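Single-letter residue listing:
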Amino acid sequence: MSSNKKSGEDKLNSTKTVSLQNQNPAYGCFLMAPPAAFLPPFLLLLCSNMGACIHSTSWRLQWPLQRMPVVVPHQTAEIPTPHFLSQARLEVMSQCGLECHKQAPPPSYWDLRDFLSYETLHSNGSLIETSVGIYGFNLASLQEPAAQTRVRRQVYGHDSRFSIIGRDFLSNYPFSTAVKTSTGCSGVLVGERHVLTAAHCIHDGKNYVKGAQRLRVGFLKPQQRNPAPSNSSSAPDRMKFQWIRARRTHVPKGWIKGSANDVGMDYDYALLELKKPHRRRHMKLGVSPPARQLPGRRVQFSGFDNDRPGQLVYRFCDARDETYDLLYQRCDAQPGASGSGVYVRMWNRHLRRWERKVIAVFSGHQWVDREGDPQEFNVAVRITPLKYAQICYWIKGNYVDCRQG
């Protein structure tokens, strides 16, 4: 990208802010609340992980450099064509929360092979099942305790979402990486032809949903600008979706064999391969760091919530609890946002630049019963080293290009 071409978020970073020392070293500053008249631009300023703050040169939260395991296909077999009868569920409910997942026994090597095996649905209706082999993965890493910070979910209150408007923002990275699926979910561009989304948008755990065979991906684009009325200095952009058909879809068997109440939610992700390149800049994959190592312990994502049709909705929020596979966060979201790419911005020490990477896929909603006190969480599926290796293989077609996370 040209040096004089700025991304949607980077354009916002040039806005003047008030920098003060914060107790959290992940930011080093915070923004003073502006007058109400300037609230929308102020909210847009937050799109860059507080990137408008003046970063100290004495610290940089860095993407970890680590050697990835290898997940490669072993055998393939054609299985019966699906029925495509059920409706896509735009929201997944689960009663198995943080403690429930943490108390589950860690999977064995053979369990992981089973969960990471996958089905590939082609646009002609054929369905292929692929078993995989796993190499270079340390099972002991599954038992590393995740950071725990118990924070009660604020279920009701101020809606922290806001819509991204104006072609200058919608057509620029990273907002331009958000897409919509024809089954009603969101997704994120992770390759020249590839879209990462939630598995439940394609498969209900038992069968493929109606519309999965003829799945399309929608790109929000501005239409021809209407002439401005005589009493107005400008006219708002009208938006529409441009659609591209999916050629094939990969869904891990961990989702298909489980359900939303057990291990299935750990594997609620799918990859779509488009029939032609989308010609937009895509987001890179990244292994999800522990919540305590996220910038400001925050995540952000954009999606197409159903209560704001035709609008791209952005949000950022705290990520407080986690298991090895799931990230429990407190972002406001409505049905339709499932499948959005959850991302953060950190320093790449190898390339010596800041990079945004997708670290999770927004899955949905959970009610968690903590000692008789029902609490509400939104859950994202973390990209672990094994999931990184699997998704990267789906995108690249080889494991050699997927060894460095």
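Residues numbered from 1 in each chain as written. Predicted model: local features only at pLDDT ≥ 70, side-chain atom pairs only at ≥ 80, totals over all residues. Heavy atoms only, no water.

Engineer: What's the story with the overall build of the protein in this structure? I'm lost.
Structural biologist: Counting its regular elements, the protein contains seven helices and 18 strands. Out of the 405 residues belonging to the protein, those deemed buried represent 53%. A total accessible area of about 18,800 Å² is found for the protein, and carbon and sulfur atoms account for 50% of it. (Helix = DSSP H or I, 4+ residues; strand = E, 2+ residues; numbered from the N terminus. Buried < 20%, exposed > 50% of the residue type's maximum accessible area, 1.4 Å probe, protein only. Areas by Shrake-Rupley, 256 points an atom, 1.4 Å probe, with all protein chains shown as cover.)

Engineer: Can you help me understand the side chain of Thr 130 in this one?
Structural biologist: For Thr 130, the position within the fold is in strand β4 (residues 127-135). With residues near it in sequence (within four places) discarded, Thr 130 still touches Pro 73, Gln 75, Thr 76, Ser 117 and Tyr 118. (Contact = heavy atoms within 4.5 Å.)

Engineer: In this structure, what is going on with the nonpolar core? I would like to understand it.
Structural biologist: One recurring pattern in soluble globular proteins is that nonpolar side chains are buried together. Leu 196, Ile 202 and Tyr 208 are the most contacted members of the largest nonpolar core, which totals 75 residues. Sorting elements by how many residues they give to this core places helix α7 (residues 385-396) first, with seven residues. Excluding anything up to four places from it in sequence, Ile 202 contacts Tyr 208, Val 209, Ala 212, Leu 215, Thr 249, Val 251, Ala 270 and Leu 272. Within the second largest apolar cluster, 16 residues are counted, among which are Val 299, Met 346, Ile 359 and Ala 360. (Core = buried A, V, L, I, M, F, W, Y, C linked by side-chain atoms within 4.5 Å.)

Engineer: Just checking my understanding: could you explain empty space enclosed by the protein for this structure?
Structural biologist: Taking a probe equal in size to a water molecule and rolling it over the atoms shows the remaining empty space. As enumerated under the stated definition, the model contains nine cavities of 30 Å³ or more in all. Its volume calculated, the second largest cavity comes out at about 60 Å³. Along the walls of the second largest cavity sit Pro 174, Phe 175, Thr 177, Ala 178, Gly 187, Val 188, Met 283, Ser 302, Gly 341 and Tyr 343, which together make up its complete lining. Of all elements in the fold, only β7 (186-189) and β16 (341-348) reach the threshold of two or more residues within the lining of the second largest cavity. Considered class by class, the residues forming the lining of the second largest cavity number six nonpolar, four polar and no charged. (1 Å grid on protein atoms, 1.4 Å probe; cavity = no way out; pocket = protein on both sides within 12 Å on 5 of 7 lines; lining within 4 Å. Points joined across faces, edges and corners; volume = space filled by probe spheres on them. Nonpolar A, V, L, I, M, F, W, Y, C, P; charged D, E, K, R; others polar.)

Engineer: Just checking my understanding: could you explain the state of the cysteines for this structure?
Structural biologist: Here, disulfide denotes a covalent bond that connects the sulfur atoms of two cysteines. A full pass over the atoms with the stated rule returns three disulfides. Residue Cys 185 pairs covalently with Cys 201 via a disulfide, S to S 2.1 Å. Torsion about the S-S bond of the Cys 185 and Cys 201 cystine: about -95 degrees, corresponding to left-handed handedness. Placement of the pair is Cys 185 in the loop between β6 (178-181) and β7 and Cys 201 in the loop between β8 (194-197) and β9 (216-222), with a sequence separation of 16 residues. Note on accessibility: Cys 185 and Cys 201 belong to one class, buried. Linked covalently through their sulfurs, Cys 392 and Cys 402 form a disulfide whose S-S length is 2.1 Å. Around the S-S axis, the bridge from Cys 392 to Cys 402 shows a dihedral of about -85 degrees and counts as left-handed. Taken together, the residues Cys 392 in helix α7 and Cys 402 in the segment after α7 connect sequence positions ten residues apart. Assigned by exposure class, Cys 392 and Cys 402 land together as buried. (Disulfide = S-S within 2.5 Å.)

Engineer: Help me understand the pattern of salt bridges, please; the structure alone is not making it clear to me.
Structural biologist: Within the structure shown, the criterion is met by eleven salt bridges. Residues Glu 119 and Lys 253 are paired through a salt bridge, measuring 3.1 Å at the closest nitrogen-oxygen approach. With Glu 119 in strand β3 (residues 118-122) and Lys 253 in helix α6 (residues 253-257), the pair connects residues that are 134 residues apart, well separated along the chain. Residue Lys 253 is classed as buried on the basis of its relative accessible area, which comes to 8%. Among the ionic pairs, Asp 318 bridges to Arg 298, the shortest N-O distance being 3.7 Å. With Asp 318 in strand β14 (residues 312-322) and Arg 298 in strand β13 (residues 298-303), this residue pair connects regions lying 20 residues apart in the sequence. Using a relative accessible area of 13% as the deciding quantity, one classes Asp 318 as buried. Within this structure, Lys 284, Arg 353, Glu 355 and Lys 357 form a network of salt bridges that share partners. (Salt bridge = Lys/Arg side-chain N within 4 Å of Asp/Glu carboxyl O.)

Engineer: In this structure, what is going on with helix α4 (residues 109-116)? I would like to understand it.
Structural biologist: Owing to its 3.6 residues per turn, the α-helix aligns residues three or four sequence positions apart on the same side. Of the positions making up α4, those classed as buried are Leu 112, Arg 113, Phe 115 and Leu 116. Down the axis of α4, the buried set is contained in an arc of 165 degrees. They therefore lie on one face. (Arc of directions from axis to C-beta.)

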